[in-house]
Amino acid sequence: MAHPPGAFVSGPIDPPSADARQQATERLAALAIPTGAWGRLGDLAVWWSACQGQCPPTPPADVRAVLFAGDHGVASAGVSAYPSAVTPAMLSTIQTGGAGISVLARQHEVRLRVLDIAVAADVPGLPADVTAHKIRRGSGSIDREDACPADEIDRALAVGAQVAKEAMDGGAELLVVGDLGIGNTTPAAVLIGALLHLDANTVTGRGTGVDDDGLSRKRAVVAAALDRAATRTTDPRDLLAAAGSADIAAAVGFLVTAAHRGVPVLLDGLIAVAEALVAERLAPGAAAWFAAGHRSTEPAQSAALDALGLPPLLDLGMRLGEGTGAVAAVPLVRSAALVLGEMALLADVL
């Protein structure tokens, strides 16, 4: 059945190439190194080779990061150490090249795109392509109400699908998904808690760095949101409406579409991994196309990584968001491809 451009398509996803994985595993074992000496870098090389469908693999030259920005109604409950005004300010800072993700993207030659999906304010001076897909201004406070209506979730999934297709049609070999939005660690924790049947004490972290009082407030908000979402986990779309947001849903659409097309994705921190967990529920097998760029300090992220079977590439105590942890891991993917492709085999040096 043909689907219109930009349409979101879910359903089971074929895994990366088993033949290329086997060839890469054998080549890794044959390199002129002690067995297992490359550790996780060797595992990454095998995954990358399977995703490319060839061995030896080539390092990704065209890497693109997309940040989905939105505000969250729970911010008004004091779940963040910073006000919602920071979201539009950082949106502008990314455009002027001064944000953390801007620095890393330049350093590692990653094309960066940010989209205002649900920022509460209208930010003056933004390019048209940043705001072209805006769905709403902020989301509902999920401890008391739905984040957004179901039809907006469907629109957001389609936006994410369209953006992924644009990047892949433009030549992207590796994608990065990132986030921007004060308060977004709360819905991410709720999504993970709801899907993995974990309580608020287990999934709630300090996010932007709240103090003990802020952490208590955040736990109460997460607990209330989990109670609301408890009966709405069967349909991932309904869960996104109840406890997610339009920006999170757009990223889910992005992830599912990339996996359907066989383009691998580096995940960032808590928000991206929550999105990956939802993507896996919508499209079983999607997670095989994802790698975890880093482990954040948020407890819910570690729980979701374990559930997805994705060990993190970096563990630096980072909690910035914006896709920074994933972009910081891009050189590791390139290094993994190069060592597998260019190192001598033990048989050639003896």
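Keep in mind that this is a model prediction, so the values were computed, not measured. (Residues numbered from 1 in each chain as written. Predicted model: local features only at pLDDT ≥ 70, side-chain atom pairs only at ≥ 80, totals over all residues. Heavy atoms only, no water.)

A. Geometry of the overall build of the protein. Helix and strand content of the protein: 16 helices and six strands. In terms of overall dimensions, the protein is globule-like: its C-alpha atoms have a radius of gyration of 20 Å, near the 20 Å expected for 350 residues. Dimensions of the protein along its principal axes, counting C-alpha atoms only, are 65 × 45 × 40 Å. Among the 350 residues that make up the protein, the fraction classed as buried is 55%. A separation threshold of at least 6 residues defines the contact pool for the protein, and within that pool the share at least 24 residues apart is 77%. For the protein, the exposed area adds up to about 13400 Å²; of that, 54% sits on carbon and sulfur atoms. The average position of the 25 basic charges and that of the 37 acidic charges among the side chains of the protein differ by 2 Å. (Helix = DSSP H or I, 4+ residues; strand = E, 2+ residues; numbered from the N terminus. Rg over C-alpha atoms; globule rule 2.2 N^0.38 Å. Buried < 20%, exposed > 50% of the residue type's maximum accessible area, 1.4 Å probe, protein only. Contact = heavy atoms within 4.5 Å. Areas by Shrake-Rupley, 256 points an atom, 1.4 Å probe, with all protein chains shown as cover. Lys, Arg positive; Asp, Glu negative; His and termini not counted. Charge placed at Lys NZ, Arg CZ, Asp CG, Glu CD.)

B. Highlighting the packing of helix 1 (residues 18-30) against helix 2 (residues 39-52). One can describe the packing of helix 1 onto helix 2 by two numbers: an axis separation of 8 Å at closest approach and a directional angle of 150°. As far as their axial angle goes, helix 2 and helix 1 are roughly antiparallel. Viewed along their axes, helix 1 and helix 2 form a crossing whose handedness is right-handed. Seen from helix 1, the contacting residues are Ala20, Arg21, Ala24, Thr25 and Leu28; seen from helix 2, they are Gly42, Val46, Trp47, Ser49 and Ala50. For the contact of helix 1 with helix 2, the residue count by class is six nonpolar, three polar and one charged. (Axes fitted to C-alpha atoms, helices over the stretch in contact; angles between N-to-C directions. Parallel < 35°, antiparallel > 145°, perpendicular 65-115°, else oblique. Left-handed = near helix turned anticlockwise from the far one by under 90°. Nonpolar A, V, L, I, M, F, W, Y, C, P; charged D, E, K, R; others polar.)

C. A look at the confidence of the model for the protein. When the pLDDT values of the protein are averaged, the result is 95; 98% of them are 70 or greater. The low-confidence segment residues 1-5 (pLDDT under 50) makes two contacts with residues lying over four places distant or belonging to another chain. (pLDDT = per-residue confidence, 0-100.)

D. Spatial organisation of a nonpolar patch on the surface. A surface patch of nonpolar side chains, amounting to about 320 Å² of accessible area, comprises Leu346, Val349 and Leu350. Tracing the chain through its elements places Val349 in helix 16 (residues 346-349). For Val349, a relative accessible area of 49% gives the class partly exposed. (Patch = residues over 30% accessible without salt bridge, like charges linked within 9 Å, V, L, I, M, F, W, Y side chains within 5 Å. Salt bridge = Lys/Arg side-chain N within 4 Å of Asp/Glu carboxyl O.)

E. Inspection of the sheet that holds strand 1 (residues 63-70) at higher detail. Read across the open sheet, the six strands follow the order 2-1-3-4-5-6; overall the sheet is parallel. Of all strands in the sheet, those with a lone pairing partner are strand 2 (110-118) and strand 6 (312-314), marking the two edges. Pairwise comparison of adjacent strand axes, ignoring direction, gives a mean angle of 30° for this sheet. (Pairing = 2+ DSSP bridges.)

F. Representation of the layout of surface pockets. Considered as a void within the structure, the largest pocket measures approximately 550 Å³ in volume. Along the wall of the largest pocket there are 30 residues; nearest its centre are Asn184, Thr208, Arg319, Leu320 and Gly321. Sorting the residues of the lining of the largest pocket by element identifies helix 3 (86-95), strand 3 (174-180), helix 7 (185-196) and helix 12 (270-282) as the ones contributing at least two each. Counting residues per element, the lining of the largest pocket draws most heavily on helix 3, which supplies three residues. Its residues assigned to classes, the lining of the largest pocket shows nine nonpolar, 14 polar and seven charged. Along its surface, the second largest pocket is lined by 15 residues, and Arg40, Trp47, Phe290, Leu310 and Pro311 are the ones closest to its centre. Those elements giving two or more residues to the lining of the second largest pocket turn out to be helix 2 and strand 5 (290-294). Looking at the lining of the second largest pocket element by element, the count peaks at four residues for helix 2. Tallied by class, residues from the lining of the second largest pocket come to 11 nonpolar, one polar and three charged. (1 Å grid on protein atoms, 1.4 Å probe; cavity = no way out; pocket = protein on both sides within 12 Å on 5 of 7 lines; lining within 4 Å. Points joined across faces, edges and corners; volume = space filled by probe spheres on them.)

G. Local environment of helix 7. Along its 12 residues, helix 7 runs 16 Å from first to last C-alpha, staying within 8% of the 16 Å computed at 1.5 Å per residue. For helix 7, a buried count of 11 out of 12 residues is recorded, marking the element as mostly surrounded by other parts of the structure. In this fold, the buried residues of helix 7 make contact with helix 8 (200-203), helix 9 (212-229), helix 10 (236-243), helix 11 (246-261), helix 12 and helix 13 (299-308). Looking one or two residues past helix 7, His197 carries a phi angle of roughly 60°, positive in sign. (Expected span 1.5 Å × (residues − 1).)

H. Seen up close, the nonpolar core. One finds Leu266, Leu267 and Phe290 to be the most contacted residues of the largest nonpolar core, which totals 118 residues. When residues of this core are assigned to their parent elements, the largest contribution, 11 residues, is made by helix 11. Among all residues touching Leu266, those that are not within four sequence positions of it are Leu174, Leu175, Val176, Val177, Ala291, Gly293, Leu313, Ala326, Ala329, Val330 and Val333. (Core = buried A, V, L, I, M, F, W, Y, C linked by side-chain atoms within 4.5 Å.)

I. Structural view of the packing of aromatic side chains. Under the definition given, this model contains two aromatic pairs. Centroid distance Trp47 to Trp48: 6.2 Å. Interplanar angle 50°. Geometry classified as tilted. Since its relative accessible area comes to 9%, Trp47 is described here as buried. Since its relative accessible area comes to 1%, Trp48 is described here as buried. (Phe/Tyr/Trp six-rings, centres within 6.5 Å; stacked < 30°, edge-to-face > 60°.)

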